[in-house]
Amino acid sequence: MPRWQDVFDEVVRDRRPALVGYAALFAIDRGDAEDLAHDAIVRTFARPRALRDAGTAEAYIRSAIRTSFVDAARRRRTWSSKAHLFVAIDDVRSPEHATAAVLDVRAALGELAPRERACAVLRYFDDLPVAEIAHELGLSPGAVKRYLSDATARLRVSLGPDAVLDEPAGTDEAVTLHRDGRSRS
Amino acid sequence: MSEKLRGLLHELSDHETRVAATADTDAVADALRAQVRRHRTRRYAGVGAAAAAVAAGVVAVSTLTTSAPPIPAEPDPTPTVTVSPGPGPTPEPTAAPRVPLGEVTVHPALPTAEGLAAGDLEASTSDWTLTLVEAITEDDPPPRVLYLLGPEGQRYEVPTPVSWEGRYLDDWLPGTTLVLVGDDAGAPELSRAAAPWVLLDVLTGEVLTTITVPEPDSGQVLPTVDFVGDGTHDVLLASVEPTDAPGRVIHHARRLAPDGTVVTEMEPSTFEGGFDAPATVSPDGAWVLLRTWLGVEVRSTSDLSADAPGALPHTEAPERCAPGSWLGGSELAVLCNPDGRWDVSAETVETWAVDLAGGAPTLLATGPRTDAQWRVGQQVIGSHSRLEGDSWAELLRLSPGPVEPVAITGFEGSVRHVSGGRLWVDVRDGDDLDLVAVDPRTGATQLLWPDVFASDRVSIRMLP
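Just so we're clear, the structure is a prediction, and the values are computed from it rather than from any experiment.

### Points about the pairing of strand S10 (residues 197–201) of chain B
All names here are of chain B.
Line of reasoning, step 1. Among the five residues of S10, five are classified as buried, and the element is accordingly described as predominantly covered.
Line of reasoning, step 2. Pairing between S10 and strand S11 (residues 207–211): four bridges, direction antiparallel. Within S11, the position partnered with leucine 200 by the bridge is valine 207.

### Some thoughts on the pattern of salt bridges
Line of reasoning, step 1. For the coordinates displayed, the defined rule picks out 25 salt bridges over all chains.
Line of reasoning, step 2. Between B:Arg144 and B:Glu165 there is a salt bridge; the shortest N-O distance is 2.9 Å. Here B:Arg144, found in strand S6 (residues 144–149), pairs with B:Glu165, found in the loop between strand S7 (155–158) and strand S8 (167–172); they are 21 residues apart in sequence, far enough to count as distant.
Line of reasoning, step 3. Here the salt bridges do not stand alone but share partners, grouping A:Asp9, B:Asp30 and B:Arg33 into one network.

### Things to note about the packing of aromatic side chains
Line of reasoning, step 1. Overall, the coordinates contain six aromatic pairs over all chains when judged by the stated rule.
Line of reasoning, step 2. Between the aromatic rings of A:Phe8 and A:Phe45, the centroid separation amounts to 5.3 Å while the plane-to-plane angle is 85°, which identifies the pairing as edge-to-face. Of this pair, A:Phe8 sits in helix H1 (residues 4–27) while A:Phe45 sits in helix H2 (residues 30–46), and the two are 37 residues apart along the sequence. Here A:Phe8 and A:Phe45 have matching classes, each one buried.
Line of reasoning, step 3. Look at B:Trp128 and B:Tyr156: their rings are 6.0 Å apart centre to centre, the planes differ by 15°, and that puts the pair in the stacked class. Residue B:Trp128 is located in the loop between helix H3 (120–123) and strand S5 (129–135), and its partner B:Tyr156 is located in strand S7; the two are separated by 28 residues in the primary sequence. The residues B:Trp128 and B:Tyr156 share a single accessibility class, namely buried.
Line of reasoning, step 4. Here a set of aromatic residues connected by ring pairs shows up, and it is made of A:Tyr22, A:Phe26, A:Phe69 and A:Phe125.
Line of reasoning, step 5. The ring of A:Tyr147 is capped by A:Arg146, whose NZ or CZ atom sits 5.8 Å from the centre of that ring.

### Re the state of the cysteines
All names here are of chain B.
Line of reasoning, step 1. On inspection of all chains with the given rule, the structure shows one disulfide over all chains.
Line of reasoning, step 2. In this model, cysteine 321 is linked to cysteine 336 through a disulfide, with the two sulfur atoms separated by 2.0 Å. Handedness here is read from the sign of the S-S torsion; for cysteine 321 and cysteine 336, about 100°, the answer is right-handed. Taken together, the positions of cysteine 321 in strand S21 (residues 321–328) and cysteine 336 in strand S22 (residues 331–336) put the pair 15 residues apart, joining distant regions of the chain.
Line of reasoning, step 3. According to the relative accessible area criterion, cysteine 321 is buried, its value standing at 2%.
Line of reasoning, step 4. By relative accessible area, which is 0% here, cysteine 336 ends up buried.

### Considerations on the packing of helix H5 (residues 100–110) of chain A against helix H8 (residues 141–159) of chain A
All names here are of chain A.
Line of reasoning, step 1. Relative orientation of the contacting elements H5 and H8 amounts to 145°, with a least axis distance of 9 Å. Classified by chirality, the crossing of H8 by H5 is right-handed. On the side of H5, the interface is formed by Asp104, Val105 and Ala108, while H8 contributes Leu155, Ser158 and Leu159.
Line of reasoning, step 2. Classifying every residue of the contact of H5 with H8 by side-chain character gives four nonpolar, one polar and one charged.

### Considering the confidence of the model for chain B
All names here are of chain B.
Line of reasoning, step 1. In this model, chain B carries an average pLDDT of 78, and 76% of its residues clear a pLDDT of 70 or more.
Line of reasoning, step 2. When pLDDT is averaged over each helix and strand of chain B, the minimum, 27, is found for strand S1 (residues 65–66) and the maximum, 96, for S7.
Line of reasoning, step 3. Of the regions scoring below 50 in pLDDT, residues 42–91 engages in 145 contacts with residues more than four places distant in sequence or in other chains.
Line of reasoning, step 4. Long-range and interchain partners of residues 186–193, a stretch whose pLDDT sits below 50, account for 32 contacts in this model, where long-range means more than four residues apart.
Line of reasoning, step 5. If you check the scores for this complex, the pTM reads 0.61 and the ipTM reads 0.78.

Rules and cut-offs
Residues numbered from 1 in each chain as written. Chains lettered and ligands numbered in written order. Predicted model: local features only at pLDDT ≥ 70, side-chain atom pairs only at ≥ 80, totals over all residues. Heavy atoms only, no water. Buried < 20%, exposed > 50% of the residue type's maximum accessible area, 1.4 Å probe, protein only. Helix = DSSP H or I, 4+ residues; strand = E, 2+ residues; numbered from the N terminus. Pairing = 2+ DSSP bridges. Salt bridge = Lys/Arg side-chain N within 4 Å of Asp/Glu carboxyl O. Phe/Tyr/Trp six-rings, centres within 6.5 Å; stacked < 30°, edge-to-face > 60°. Lys NZ or Arg CZ within 6 Å of the ring centre and 35° of its normal. Disulfide = S-S within 2.5 Å. Axes fitted to C-alpha atoms, helices over the stretch in contact; angles between N-to-C directions. Left-handed = near helix turned anticlockwise from the far one by under 90°. Contact = heavy atoms within 4.5 Å. Nonpolar A, V, L, I, M, F, W, Y, C, P; charged D, E, K, R; others polar. pLDDT = per-residue confidence, 0-100.

Encoded structure:
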C-alpha cells in the first residue's frame with residue numbers, strides 16, 4: 001500500500017484541479033472553491049486512515065466538499081490569507097474567457113440558497129437519487145425533495161424552461177414539477 | 001431528464017478545472033502538505049494552539065547523542081502469519097512473574113513484542129500508550145495488532161476479541177481495560193450523520209455503551225469523544241455547530257456515564273472558533289477546553305455549565321489571548337499577543353502557563369508562536385512550524401531560560417507522546433521514519449521503534 005504521502009502527492013498533482021472544479025459548483029466564487037477543495041484535502045489526509053489509492057482519497061475529498069459546504073465550514077477563510085501562494089495566469093482566470101453559458105449557470109447557481117444548490121449539484125451533476133442526497137447531506141428525503149423543487153423552479157427561471165425538464169414520476173429520485181414549480185413527489 | 005442543466009454544470013466544472021490547473025502546483029502542494037502535517041501533529045499532541053498560519057524559521061541541528069541502546073532489529077521476514085507464546089517475563093509494568101494472556105503475533109511486517117500479562121493494563125499510567133498496527137500485506141484480512149507501549153520502549157501485544165475491520169482506536173483510559181472505538185468507514189469528521197463510537201472492554205470485547213451524536217439534523221459537526229479521566233469511566237462528547245456569522249460556532253458538550261446516560265450537559269455556547277478538536281480534556285480530567293480562536297474558554301468537567309476559576313493573563317483584554325495545549329494536570333498553555341488582539345500570524349507572542357487549580361499565571365516566554373506545547377519535567381517545549389529547511393517543524397525550549405531550539409537530528413515534526421520525561425518524536429533516517437524518545441534536557445535519544453511511520457510494511461495509529 002502506498003504511503004499516505006504518495007497518495008497525497010498523486011491527488012494534489014493529478015486531481016486537485018478537478019476537485020476545485022467540483023467545489024466551484026457549490027461555492028460559486030473561485031477563491032471560495034479553492035478554499036473548499038483545499039480544506040477538504042487537508043481534512044481527508046489529516047487523520048490517519050487507510051487511503052490506499054488516489055481514487056479512494058478523491059471519494060473522501062468529494063464527500064468532504066459536499067458536507068463542508070452544507071455545514072458552512074468554509075467560513076473559516078483559512079486559505080484566503082494564503083492566496084499569494086497560488087499564482088495563476090490572469091487572462092485564463094478572467095471571467096471574459098468563460099463562455100456565456102458558464103457565466104449563466106454560475107449566476108443561476110449563485111441565486112440558489114446553499115442547501116438548494118447542494119441538492120441540485122448532487123442531483124444533476126452527480127446523478128444521485130434523493131435518498132443518497134439525503135444521506136450525503138444529513139437531511140431527510142422530504143427536505144431534499146423540497147430543496148430540489150425550489151432549486152429547479154429557480155433554475156428554470158434563470159436558465160430557461162428547457163434547462164430543467166420534468167422527470168418521470170414513480171421513482172425515488174424523481175422530483176416532478178408542476179408548472180408552478182411545486183413538487184408532487 | 002435535464003440534460004441541458006447537466007451539461008451546463010459540467011461545462012462550469014470543466015472551466016474551473018482548467019483554471020485551477022494553471023496554479024503553481026508545487027506551491028499548492030507544499031502549503032497543503034504543511035497543513036496536513038500540522039493537523040496530524042496536533043492530533044497526536046492532543047491539543048494545539050489556535051489555528052495558525054505556517055511560519056518560517058531556522059533550526060539549529062546538532063549531533064544526535066544516544067543514551068540507551070535501541071530495541072533489537074525486527075526479525076527477518078517470514079512468509080506467513082504465525083503465533084507463538086510470548087517471550088520471557090519482564091518486570092514492567094507489573095512486578096510479579098509475567099504470564100502472557102495470549103500469544104504474540106509473528107509476521108514479517110510486525111514488530112517483536114511480548115505478550116500482555118494480567119494486570120498490565122490496570123497497572124499502567126499515562127506514561128503508557130496504546131497503538132494499533134496493521135500489517136500492509138496481501139493477507140485478507142491483514143493482521144491488526146494492538147500494542148501497549150511503555151516508557152522504556154516496552155511492547156506488549158494486547159489480546160483482544162475486538163474486530164478492527166473498518167474501525168479505529170479512538171481513546172484509551174490508562175489504568176483500565178476500557179477503550180473507545182470509532183467507525184472508520186463512517187469517517188465521522190466528514191459527515192454530520194456521524195458514525196457511532198463504542199465504549200468497550202478491550203480484553204473481553206464487552207460493549208458497555210454505544211455513543212452517537214444526537215440529532216444529526218441539528219447541524220452538529222466534527223464530534224469528538226474522549227475519556228474524562230478524572231477517576232471515573234465517563235466520557236465527554238463534544239461537537240461544534242456552524243452559524244450564519246462567519247467565524248462563529250456553537251459548542252456542544254455532554255458528559256456521559258459508561259452506560260450512556262447523560263451525567264451533565266453544557267448549555268450550547270457560541271464563540272469565535274473553528275471546527276478542529278472542539279474540546280479537549282485536561283490531563284487530570286478536571287477541565288475541558290473549548291476550542292476558540294479568541295479568548296480562553298474552559299469548563300469544569302463536573303459541571304459543564306460553570307466557568308472555570310483561575311487567573312488568566314490579560315484578564316482586562318481576553319481577546320489578546322488564545323488557548324494552547326494542556327501541559328499537565330490542570331495546567332494550560334495560553335498564547336497572547338503582546339501588541340493587541342490575538343493574531344494567528346503574529347511572529348512574537350507571549351506563552352503563559354496557567355494552573356486552573358489556582359495561582360497566578362506564569363509567563364514562560366516571549367518569542368516565536370508555537371503550534372503545540374508540552375511540559376517535560378521542568379521544561380516546556382513547543383513545536384514551531386516552518387516552511388524552509390529539511391524539516392517542516394522544529395522544537396523550541398520555551399522554559400526555563402531563553403527560547404532556544406531543541407536539537408534533534410532528523411526531527412520530522414511529529415510529537416507522538418510524552419512519557420517518562422521524554423518526548424516521543426518522528427525521526428528521519430534515510431527513507432525510514434523511526435519513533436525515537438528524546439530527553440529535551442540532555443538531548444539524549446533512544447530508538448524505540450525503527451521504520452514504523454511512513455512504512456511500507458505497517459500502518460500505525462498511535463494514541464495521543
